[in-house]
Amino acid sequence: MMQWRVLLQKEWRDHVRSLKVLWIPLVFVLYGVMQPVMLYYMEDIMKAVGNMPEGFDMGITDVTSVEVMASTVGQFHLIVSLIIVLSFMGIISKERKNRTAALLYVRPISFSSYYFSKWSGATIVALVSTIIGLLASYYYTVILYNEVDAWRIAALIGTYSLWVLFVVTVTVTASALFPTGVAGTLAILLTYFVQLIDSIIGQFWTVSPWKLGTYAVTWLGSKPDSSDFWLSVVVTVIAIIVLMFVGVFGARKNMENIKI
Amino acid sequence: MSQLLQVSALQKNYGQHEVIKNISFELTQGTATALIGPNGAGKTTILSMLAGLLKPTNGQIQFDGIVGDPRAAIGFLPQYPQFNSWLTASEFLIMAARLSGLTAQTAKEESEKMLQFVGLKDAANKKIGTFSGGMKQRLGLAQAIIHKPKLLLLDEPVSALDPAGRLDMMNLMKSLQQEMTILYSTHILNDAEQMTDQLLFLKAGKLVEQGSLQDVKAKYEHRQIVVEFKVVEEAAQFVVKSTLSAEQQGNIVILQTDDMQQVIRELAKETFTIRKVEQQSASLEEIFMKVAKL
Amino acid sequence: MSSLLMMLLPIIIIEFILLIVALIDLVKIPETNGPKWLWAIAIVCVSIIGPIIYFIFGRKQV
């Protein structure tokens, strides 16, 4: 516990001094806010730009806040995983490559506290940024359109947070197992690519971590099917725990690969 | 004196390649041991195994009187210590101390003491990224000793430093000798000669010779007496007349003996003009060359 | 139109902060992956994406 705290403090200093704690939330807020504003003012913007025929109607003035929020999360979804993977793909592998890990591994540290300090640091940054981004988006949607039930937003954020935890865990574990390039590619494949496949041929099953993004949005309207949703949550939590074990194991096994 | 570490039949393979071949040695508490060998002999590999960074393929590393994780009782300075450049020296040392089990308070106090000891007090709150190579080496030493380890492992601690830095580092190491057992590697024999109770000669992953500095010297030393004549002709004459095995190099004659009395007696028989008579003992460098040829 | 500006203002401010922070960091950092001037151009010319790409790939820090 003490080692985890000391190592987490190092992680935190890293994230502060590499400015991750600043730019990641800012970018997430930006992507959370842009969509509602753009949708709302699309017509005004078009007019301002000119070239629009008189009486042209984009047909978007009657968009509901739920639809706006849904399309925002869709946009958000595209950028969030990518930024998380790219920002944290080297979180463990980079330390092996630049050999700073040697001075940690010669101390009596446990690899679980090492892995979890990495995981915790990345999770705090990713999760807080996600929540701030979604809240900003909610705020804009409410002032520009109309009220959305707070519990629906809470459910959306909760569900989406689990997806973010999944992406963080995939990334940190990949970094524990492989060099940075391989880790990044693998994490992109396991998030984007599998999700793409899931969205193309995934109608045959309903339980999967890659459906969490869709389920998160469903909270805004009809609510997701209860058993499908909760099973997906359980499967995701199990996947995260398994990935953590693999990550701790990988970090320990790769200790030999530091060239000193 | 009691024994601190016993290494027996240590072996390390990378695939088919045997990097360390069946090495055994002991370290006695409170001694300094120099691990000598050319680059690529396996010095770093041995130190890494002792430090717990590499797992031996075969053999045992046994610490006497150390319970629990041996890493808590070991300090390690890699040849090129790498630090997170965005941490300050003081932040890094406190972290290192805490990871070795010191309390927050002790870690803070010790880090201040260590920075003072290695002469980095003024740079305590500077980012390590701004440090010179010599400063990083000192910080590396500080992190290796901050938790008062019983065994201090130093990989080529001075070879990357300039002469002044080298002297500083040697002095720091000497001052630590009373407190901890030291094992350090080097390929510079002069450095080894300055501070060592035991020598381990490593060549291509094998331990080719070991023993105290005196023992090794006594074993390999081929004592010679060098006589310098004023003129070459006299030197040539002496080589012919001498009963000793002699070799002429211009106006210098090298005699393979350590019997100064006899040399002087023989020289006294003639009326040579002699500039210098000198007994030469082999340097560690020469011994090393001999050992390396074994 | 003024309400549009009010709404767009936070977006513009965030974009601006990203730009400025990236530029300050670029000046302060000892080394980048690739030439600094190229990153300066990327940060200034490509809004939002420029600073993001710089933070992810440009910073070179051990």
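Residues numbered from 1 in each chain as written. Chains lettered and ligands numbered in written order. Predicted model: local features only at pLDDT ≥ 70, side-chain atom pairs only at ≥ 80, totals over all residues.

## Structural notes on the UniProt feature "domain: Cardiolipin synthase N-terminal" (unreviewed entry) in chain C
For step 1, the next point in the chain: When the UniProt feature table is mapped onto this chain numbering, "domain: Cardiolipin synthase N-terminal" (unreviewed entry) sits at residues 17-59 of chain C.
For step 2, the next point in the chain: With 74% helix and 0% strand, residues 17-59 of chain C has its two end C-alpha atoms placed 17 Å apart. (UniProt positions renumbered as here; feature names shortened; annotations may be inferred. Helix = DSSP H or I, 4+ residues; strand = E, 2+ residues; numbered from the N terminus.)

## A few points about the sheet that holds strand S12 (residues 252-255) of chain B
Residue and element names in this part refer to chain B.
For step 1, the next point in the chain: Spatially, the four strands line up as an open sheet ordered S11-S12-S10-S13, and their pairing is antiparallel. If you trace the sheet from one side to the other, it starts and ends with strand S11 (246-249) and strand S13 (274-280), each paired once. Neighbour to neighbour, the strand axes of the sheet diverge by 20° on average, direction disregarded.
For step 2, the next point in the chain: Looking at chain direction, strand S10 (residues 224-229) and S13 are connected through six bridges and run antiparallel. Each bridged residue has a counterpart across the sheet, and for glutamine 224 the counterpart in S13 is glutamine 280.
For step 3, the next point in the chain: Contacts between helix H9 (residues 260-268) and the sheet are confined to S10, S12 and S13, with S10 contributing the most and set at about 25° to the helix. (Pairing = 2+ DSSP bridges. Axes fitted to C-alpha atoms, helices over the stretch in contact; angles between N-to-C directions. Contact = placed C-beta atoms within 7 Å.)

## As for the nonpolar core
For step 1, the next point in the chain: Counting 148 residues, the largest nonpolar core has A:Val168, B:Leu93 and B:Leu153 as the members making the most contacts within it.
For step 2, the next point in the chain: Ranked by the residues each element gives to this core, the list is headed by helix H7 (residues 150-177) of chain A, at 15 residues.
For step 3, the next point in the chain: Core analysis: the next-biggest nonpolar cluster, separate from the first, contains nine residues, B:Ile225, B:Phe229, B:Phe238 and B:Leu255 among them. (Core = buried A, V, L, I, M, F, W, Y, C linked by C-beta atoms within 7 Å. Buried ≥ 20, exposed ≤ 12 C-beta atoms within 10 Å, placed from the backbone.)

## Some remarks on the sheet that holds strand S4 (residues 58-63) of chain B
Remark on secondary structure: sheet strands pair via backbone hydrogen bonds, oriented parallel or antiparallel.
All names here are of chain B.
For step 1, the next point in the chain: Reading across from one edge, S2-S1-S4 is the order of the three strands in this open sheet, with antiparallel pairing throughout. Of all the strands in the sheet, the pair left with one neighbour each is strand S2 (17-28) and S4. Taking the axes of each pair of neighbouring strands and ignoring which way they run, one obtains an average angle of 10° across the sheet.
For step 2, the next point in the chain: Bridge count between strand S1 (residues 3-14) and S2: eight bridges; the pairing is antiparallel. The residue of S2 that forms the bridge with valine 7 is phenylalanine 25.
For step 3, the next point in the chain: Packed onto the sheet, helix H1 (residues 43-51) meets S1, S2 and S4 and runs at close to 60° relative to S2.

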